[in-house]
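Listed here are the chains, written in short residue letters.
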Amino acid sequence: MKLLKVTGIETFYDKIQALKGISLEVEQGKIVTILGANGAGKTTTMKTIAGLLKPKKGKIEFLGEDITGLRPDQLLKKGIALVPEGRAILSSMTVYENLEMGAYQRNDKEVEQDIENVMKLFPILKERKTQLAGTLSGGQQQMLAIARAILSKPKLLLLDEPSMGLAPLIVTAIFKIIKEIKESGTTVLLVEQNAKQALKIADYGYVLETGKVIISGNAEDLLEDSRIVEAYLGKKSS
Amino acid sequence: MLLEQLINGITLGSIYAIIALGFTLVFGVLGIINMAHGEIFMFGAFMGIIVTSTLKWPLWAAFLVAIAVTAILGYMLERFALRPLRGKQGVSHLAPLISTIGVSILLENISHHLFGAGNHPFRNSFAEINFQIGSITVYLVQIIIFVISIILMMALSYWLLRTKAGKALRATAENLETASILGVNTKKIIILTVIIASAMGGIAGILVGMAFNSVNPQMGLSMGLKGLAIIILGGMGNVKGAMAGGLILGLSETFVVAYGDSGYRDAIAFIIIIIILLVRPQGIFGQKSAAEGR
Ligand SMILES: Nc1ncnc2c1ncn2[C@@H]1O[C@H](COP(=O)(O)OP(=O)(O)OP(=O)(O)O)[C@@H](O)[C@H]1O
Ligand SMILES: [Mg+2]
């Protein structure tokens with residue numbers, strides 16, 4: 001079943017057109033990855049889907065419903081959560097308060113239990129729960145941002161470059177977590193520079209260039225695709 | 001004598017703190033200086049006079065009316081003077097400031113028109129009630145002002161720290177975009193912030209009326225500037241800083257008048273600002289990064 005269907009979206013910053021008609025689909029229960037060079041429009045795509053930017057043209061459907069132009073808080077209610085590029089943790093609030101904010105829209109009784117559970121998944125957060133989130137290291141902040149997003153119980157989790165600026169060991173840990181998130185039933189749309197690792201865990205992939213989709217296909221096929229090997233996997237292939 | 005001045009200073013300081021809290025909340029969330037806050041406060045003070053002197057209702061009713069009227073003023077300020085400027089391309093970042101200055105002039109003129117110029121006495125039945133403790137005199141009014149201010153500050157702190165809406169406000173203050181992707185309806189939080197800040201201004205208006213026994217349409221400006229001085233002193237957008245800054249200003253003013261020259265009373269706030277800006281530009285409680293705006 002299609003969870004997300006994006007058709008021909010065009011997004012502008014003032015007069016600069018960042019997206020020139022992007023179309024993509026995300027199947028339920030899958031990991032779909034978006035690759036592309038710096039400035040290709042990956043973040044703009046994610047922000048448009050999450051409602052932080054409004055597309056001038058095009059349509060975004062979620063579970064068959066037109067959600068184009070809704071606000072981020074309305075989209076979260078429908079089940080779309082974004083972990084933005086650069087993490088965007090609330091640095092003046094404690095780690096625990098950040099997690100509570102992750103469950104902001106929920107009113108059920110399991111919130112506390114769920115916070116306990118994600119802290120088991122990320123033990124470092126439990127250790128640091130009363131500390132201000134701004135004092136965490138980069139990797140810890142990324143864990144917090146992901147944990148926080150999970151707490152909204154999204155149907156679709158948008159992750160924008162979760163491995164950016166992290167040490168290789170932490171990157172591996174983050175990718176493992178993303179796989180676990182998928183296995184727990186949450187669909188993931190993942191933007192990555194780390195093309196090889198992203199394609200290894202993904203089911204499907206899109207490659208963006210200057211605001212357009214230039215290649216798309218099954219992840220295994222993309223791993224073999226000569227254009228991608230050349231442009232993104234060349235140096236890192238091992 | 002010293003103790004008496006200390007009590008006077010704390011009374012005044014706690015009112016200043018309430019006014020500064022209104023400034024700091026709005027600055028924290030919207031990143032703007034609300035120059036109309038002083039005039040909203042002045043409207044609160046006039047509501048106190050109308051309710052207690054003209055209508056002869058009890059003091060608690062004056063608080064309720066002042067809260068209601070200033071909350072409505074706050075809502076209208078946000079709705080008509082701030083919201084239309086938000087998120088529009090090509091709007092200067094100074095536009096909201098100018099807009100609030102416009103509202104402040106408008107409100108001052110309206111109050112001239114409605115209430116008349118000049119000083120209006122704020123009568124209340126217990127103005128003269130006082131207690132003699134040893135050699136010092138404490139007025140009931142001072143105790144009431146102090147108790148109300150403390151309750152208000154504690155309630156606000158509790159609300160900000162412990163409740164869901166309070167946390168949403170803090171999240172919005174730190175980063176509007178982040179708050180919105182966490183599911184906060186930031187538009188609502190902004191309205192709520194301006195309303196709460198304005199209602200606190202309204203309460204402060206009555207407290208000032210009670211403390212000085214006099215209210216006039218110009219009082220908004222000087223009080224507004226002092227509130228501004230306090231949040232610069234305490235750290236822009238910082239709640240603890242507003243409380244501490246209010247107390248410091250109240251105490252220093254009182255002591256300057258008591259032991260120095262009363263002519264310098266209103267200059268104190270600005271002397272303090274200059275010193276703070278030179279020595280610790282981010283304010284007593286402010287972090288360096290907080291000076292960057294949000
Ligand atoms: N706030 C902005 N104002 C103007 N132009 C912008 C803004 N943000 C992005 N752009 C432009 O839009 C285009 C797409 O940017 P975007 O951030 O989506 O790229 P990206 O694929 O996420 O890149 P990166 O890998 O570096 O994160 C770029 O040309 C960029 O310069
Ligand atoms: Mg990006």
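Reading the values: the criteria
- Residues numbered from 1 in each chain as written.
- Chains lettered and ligands numbered in written order.
- Predicted model: local features only at pLDDT ≥ 70, side-chain atom pairs only at ≥ 80, totals over all residues.
- Heavy atoms only, no water.
- Helix = DSSP H or I, 4+ residues; strand = E, 2+ residues; numbered from the N terminus.
- Rg over C-alpha atoms; globule rule 2.2 N^0.38 Å.
- Buried < 20%, exposed > 50% of the residue type's maximum accessible area, 1.4 Å probe, protein only.
- Contact = heavy atoms within 4.5 Å.
- Areas by Shrake-Rupley, 256 points an atom, 1.4 Å probe, with all protein chains shown as cover.
- Lys, Arg positive; Asp, Glu negative; His and termini not counted.
- Charge placed at Lys NZ, Arg CZ, Asp CG, Glu CD.
- Phe/Tyr/Trp six-rings, centres within 6.5 Å; stacked < 30°, edge-to-face > 60°.
- Lys NZ or Arg CZ within 6 Å of the ring centre and 35° of its normal.
- Buried area = accessible area lost by both parts, 1.4 Å probe.
- Salt bridge = Lys/Arg side-chain N within 4 Å of Asp/Glu carboxyl O.
- Axes fitted to C-alpha atoms, helices over the stretch in contact; angles between N-to-C directions.
- Parallel < 35°, antiparallel > 145°, perpendicular 65-115°, else oblique.
- Nonpolar A, V, L, I, M, F, W, Y, C, P; charged D, E, K, R; others polar.
- UniProt positions renumbered as here; feature names shortened; annotations may be inferred.
- Near = heavy atom within 4 Å.
- Polar contact = N/O pair within 3.5 Å; in protein donor to acceptor, adjacent residues only side chain to side chain.
- Donors = N, O, S within 2.8 Å, 3.2 Å for Na, K, Ca; no water.
- Pairing = 2+ DSSP bridges.

### Focus: the overall build of chain B
Then comes step 1: When helices and strands are counted, chain B shows 11 helices and four strands.
Then comes step 2: Taken against the 2.2 N^0.38 rule, which gives 19 Å for 294 residues, the C-alpha radius of gyration of chain B at 19 Å falls within 12% of a compact globule.
Then comes step 3: Taking the principal axes of the C-alpha coordinates as reference, chain B spans close to 60 × 45 × 35 Å.
Then comes step 4: Burial statistics for chain B: of 294 residues in total, 51% are counted as buried.
Then comes step 5: By sequence separation, contacts in chain B at least 24 residues apart represent 76% of the contacts at least 6 residues apart.
Then comes step 6: Accessible area for chain B stands at about 13,000 Å²; split by element, carbon and sulfur atoms hold 69% of it.
Then comes step 7: Here chain B carries 18 positive and 11 negative side-chain charges, and the mean point of each set is 13 Å from the other.

### Overview of the packing of aromatic side chains
Then comes step 1: The final tally for this structure, using the stated rule, is four aromatic pairs over all chains.
Then comes step 2: Put simply, the rings of B:F43, B:F46 and B:F115 pair up and form one aromatic cluster.
Then comes step 3: A cation sits over an aromatic face here: A:K56 above A:F12, 4.2 Å from the ring centre.
Then comes step 4: Sitting above the plane of the A:Y104 ring, B:K164 keeps its charged end 5.7 Å from the centroid.

### Digging into the interface of chain B and chain A
Then comes step 1: Contacts between the two partners involve 16 residues from chain B, matched on the other side by 25 residues from chain A.
Then comes step 2: For the chain B and chain A pair, buried surface summed over both sides reaches about 1,900 Å², with 55% attributable to carbon and sulfur atoms.
Then comes step 3: Looking only at chain B, the three residues that lose the most surface to chain A are B:E174, B:I181 and B:L182, adding up to 34% of its buried area.
Then comes step 4: The interface formed by chain B and chain A includes three salt bridges.
Then comes step 5: In this structure, A:E97 engages B:R170 in a salt bridge whose closest nitrogen and oxygen atoms are separated by 2.7 Å.

### Things to note about the packing of helix α1 (residues 2-30) of chain B against helix α9 (residues 219-234) of chain B
In helix packing, the relevant descriptors are the interaxial angle and the interaxial distance, both defined with respect to the helix axes.
Residues and elements named next belong to chain B.
Then comes step 1: Packing of α1 against α9 brings their axes to within 8 Å, and their N-to-C directions diverge by 75°. Between α1 and α9, the angle is such that the two are roughly perpendicular. Two secondary-structure elements touch here, α1 through Y16, I19, A20, F23 and T24 and α9 through M223, G224, K226, G227, L228, I230 and I231.
Then comes step 2: In terms of residue class, the contact of α1 with α9 is built from eight nonpolar, three polar and one charged.

### Structural notes on the UniProt feature "transmembrane region" (unreviewed entry) in chain B
Residue and element names in this part refer to chain B.
Then comes step 1: Those places that UniProt annotates as "transmembrane region" (unreviewed entry) correspond, in this numbering, to residues 6-33, 63-82, 94-116, 136-161, 189-212 and 267-285.
Then comes step 2: End-to-end, the C-alpha atoms of residues 94-116 are 32 Å apart, and along that stretch the chain is 91% helix and 0% strand.
Then comes step 3: Secondary structure across residues 189-212 divides into 100% helix and 0% strand, with the first and last C-alpha atoms of the span separated by 34 Å.

### Side note on the site of ligand 1
Residue and element names in this part refer to chain A.
Then comes step 1: Among the 13 residues in the neighbourhood of ligand 1, the closest are listed as K42, T43, T44, E85 and Q193.
Then comes step 2: At a separation of 2.7 Å, an oxygen atom of ligand 1 approaches a polar side-chain atom of T43.
Then comes step 3: Separating an oxygen atom of ligand 1 from a side-chain N or O atom of T44 is a distance of 2.4 Å.
Then comes step 4: When the free accessible area of ligand 1 is taken as 630 Å², the share hidden by the protein chains comes to 63%.
Then comes step 5: When residues of the shell around ligand 1 are assigned to their parent elements, the largest contribution, three residues, is made by helix α1 (residues 42-50).
Then comes step 6: For the shell around ligand 1, the residue count by class is four nonpolar, six polar and three charged.

### Examining the coordination of the magnesium ion (ligand 2)
All names here are of chain A.
Then comes step 1: Of the protein atoms, only T43 (OG1) and E85 (OE) coordinate the magnesium ion (ligand 2), at distances of 1.8 to 2.4 Å. Residue T43 is located in helix α1, and its partner E85 is located in the loop between β8 (80-83) and α3 (95-102); the two are separated by 42 residues in the primary sequence.
Then comes step 2: For E85, a relative accessible area of 36% gives the class partly exposed.

### Points about unusual backbone geometry
Then comes step 1: The backbone of A:K153 sits at a positive phi, close to 55°, despite the residue not being glycine.
Then comes step 2: On the secondary structure map, A:K153 appears in the loop between α6 (138-150) and β9 (156-160).
Then comes step 3: A positive phi angle is found at B:K56, which is not glycine, with a value near 60°.
Then comes step 4: Inspection of the secondary structure assignment puts B:K56 in the loop between α2 (37-54) and α3 (59-82).
Then comes step 5: You can call B:K56 exposed: its relative accessible area is 65%.

### Quick look at the sheet that holds strand β1 (residues 2-10) of chain A
Residue and element names in this part refer to chain A.
Then comes step 1: Taking strand neighbours across the sheet as the criterion, the four strands line up as β4-β1-β6-β7 in an open arrangement whose pairing is antiparallel. Each edge of the sheet is formed by a strand with only one pairing partner; in this case those strands are β4 (22-27) and β7 (65-66).
Then comes step 2: In terms of strand pairing, β1 meets strand β6 (residues 57-62) through five bridges, oriented antiparallel. Pairing of V6 across the sheet is with I60, part of β6.

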